[in-house]
Amino acid sequence: MSESFRPETIIAGAGVADDPAFNSVAPPLHLSATYGWNDPLEKPQYDYARSGNPTRTQLENALAQLEGGARGVVVSSGMAALDLALNLVNPGELVLAPHDCYGGTHRLLTARAKRGHFELAFANQTSAVELKNAFAMKPKLVLIETPSNPLLRITDIRGIVALARECGAITVADNTFLSPALQQPLALGCDVVVHSTTKFINGHSDVVGGAVIAREQALGDELAWWANCTGVTGAPFDSFLTLRGLRTLFPRLERQQKTANDVVSALAADERVSRVYYPGLESHPGHEVAKAQQAGFGAMFSVEFAEGVDVIKLLRHLNIFTIAESLGGFESLVCTPATMTHASMTPEAQKIAGISERLVRFSIGLEHGDDLVRDILAALDKAAGTEEDNVAYLPEGAASKCA
Ligand SMILES: *Cc1c(COP(=O)(O)O)cnc(C)c1O
């Protein structure tokens, strides 16, 4: 399909009626591990499914077009996508990463650096002073993750790209939190985009997957070579499901983002809430940058509840939200980063990153916003002791059974 089409049209048309065997309208699932050769001297288009598979190619092409890249590589998870991109640096070269990147990314970077695969520095990429000091060390690869998790800090992608270009560094953006529907890092100057397709791209919480998309063909080919070499390429069935999930990316996000905004408005007005972290709020420090580089504010936000609110109890009393890690699915999820997603950080590190024990992260799904607001406010009544029939008087174990 031509690249001049709008992204919604690219998504609806990806692989449709493209099947040379039967002209299937919905793309078929090719599970074969290997492919026959007509002649030992004529390598076919597909020879072995680790190296290439028609189902995976359809997803790769769709994602590359959506991100405006030359080539996409679909891999087995978001972590595999990040690790694949790290093949672009040599021992001794410096990787510069955000201090508040995804926990798994932090662990991967630290573990690889410890083994001598590269040098590593973390910086608060929203701080001009820290960026100046970090770029003085001449990084070879700069990782960007915006909005960040769980505080939704916004990094100025164009600004970082300009600094990276001055020292010849490759820029890699983790675009998981927004998806290409709401942010296109390659158009803002980045060289590579990585995704955990587990999140918004698949959107149905039934696949763990990842993707890497390069702006230039040569870099995309290099990444594809490494993906085949290390064997991290994505499975056909996962690719099939992810392409199916991708079909509804725009309507899902449009709705989820609107609902997130409605829930944020309701919570921001409540006196039991001390702070809402959502880039759509004018009071958010990254609001203007977000407006300039995003097509929307997304469906993720975090809330710092006031003293006197027992957030553990709050979560136990939510009925619609499931207490779980992950995000971006059709179902609303909630977590306390301090005890869940970011539990591997020391209390000191959590404090530096701004993660308090009263912080709650929400991923808004496709339920009706009125129900979600009612669910949170009802749980808040119980957790803030503002409801007469208060379970706070029950012993710990009994309270959890009410959830
Ligand atoms: C979930 C996530 C990852 C890791 O992806 P997996 O598919 O779980 O391996 C990386 N980056 C971000 C921002 C994520 O949210």
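The rules we used
- Residues numbered from 1 in each chain as written.
- Predicted model: local features only at pLDDT ≥ 70, side-chain atom pairs only at ≥ 80, totals over all residues.
- Heavy atoms only, no water.
- UniProt positions renumbered as here; feature names shortened; annotations may be inferred.
- Helix = DSSP H or I, 4+ residues; strand = E, 2+ residues; numbered from the N terminus.
- Rg over C-alpha atoms; globule rule 2.2 N^0.38 Å.
- Buried < 20%, exposed > 50% of the residue type's maximum accessible area, 1.4 Å probe, protein only.
- Contact = heavy atoms within 4.5 Å.
- Areas by Shrake-Rupley, 256 points an atom, 1.4 Å probe, with all protein chains shown as cover.
- Domains from an automatic or database assignment.
- Buried area = accessible area lost by both parts, 1.4 Å probe.
- Salt bridge = Lys/Arg side-chain N within 4 Å of Asp/Glu carboxyl O.
- Nonpolar A, V, L, I, M, F, W, Y, C, P; charged D, E, K, R; others polar.
- Pairing = 2+ DSSP bridges.

Going by the annotation in an unreviewed UniProt entry, the name recorded for the chain is Cystathionine gamma-synthase, with Hyphococcus flavus given as the source organism. Quoted verbatim from the Sequence similarities (unreviewed entry) heading of the UniProt record, the comment on the chain is "Belongs to the trans-sulfuration enzymes family."

What to know about the overall build of the chain
Counting its secondary structure elements, the chain contains 14 helices and 12 strands. Relative to the 2.2 N^0.38 estimate, which gives 22 Å for 403 residues, the radius of gyration of the chain is 22 Å and therefore close to what a compact globule would have. Dimensions of the chain, computed from the C-alpha atoms along their principal axes, are close to 80 × 55 × 40 Å. A buried classification covers 52% of the 403 residues belonging to the chain. Within the chain, residue pairs in contact and separated by at least 24 positions form 70% of the contacts whose partners lie at least 6 positions apart. In the form shown here, the chain has an accessible surface area of approximately 18,200 Å², with 53% of it arising from carbon and sulfur atoms.

Points about the UniProt feature "modified residue: N6-(pyridoxal phosphate)lysine" (unreviewed entry) in the chain
The UniProt feature table records "modified residue: N6-(pyridoxal phosphate)lysine" (unreviewed entry) at Lys-199. Along the chain, Lys-199 falls in the loop between strand S6 (192-196) and strand S7 (210-214). Setting aside residues up to four positions removed in sequence, Lys-199 forms contacts with Thr-176, Ser-326, Leu-327 and Gly-328.

Here we look at the domain arrangement of the chain
Each assigned domain of the chain is listed with its residue range as follows: domain 1 (7-246) and domain 2 (249-383). Its C-alpha centre places domain 1 at a distance of 26 Å from the equivalent point of domain 2. Every contact between the two is made by 32 residues of domain 1 and, on the other side, 36 residues of domain 2. At the boundary of domain 1 with domain 2, total buried surface from both sides reaches about 2,900 Å², with 65% on carbon and sulfur atoms. When residues of domain 1 are sorted by the area they lose upon contact with domain 2, Leu-151, Leu-182 and Phe-200 head the list and together hold 25% of the total. Applying the counting rule to domain 1 against domain 2 returns 0 salt bridges. At 3 residues, the largest contribution of residues to the side of domain 1 that touches domain 2 is made by helix H1 (residues 7-13). Looking at the side of domain 1 that touches domain 2 residue by residue, the class counts come to 16 nonpolar, 11 polar and 5 charged.

Focus on the pairing of strand S4 (residues 141-145)
For S4, the buried fraction is high: 5 of the 5 residues fall into the buried class. The two faces of S4 match: Leu-141, Leu-143 and Glu-145 on one face and Val-142 and Ile-144 on the other face are all buried. In this sheet, S4 lies alongside strand S2 (residues 94-98) in parallel orientation, the contact comprising 2 bridges. Its bridge partner being in S4, Val-95 is matched across the sheet by Leu-141. Sheet analysis places S4 next to strand S5 (residues 170-174), joined by 5 bridges and oriented parallel. Following the sheet pairing, Glu-145 is matched in S5 by Asp-174.

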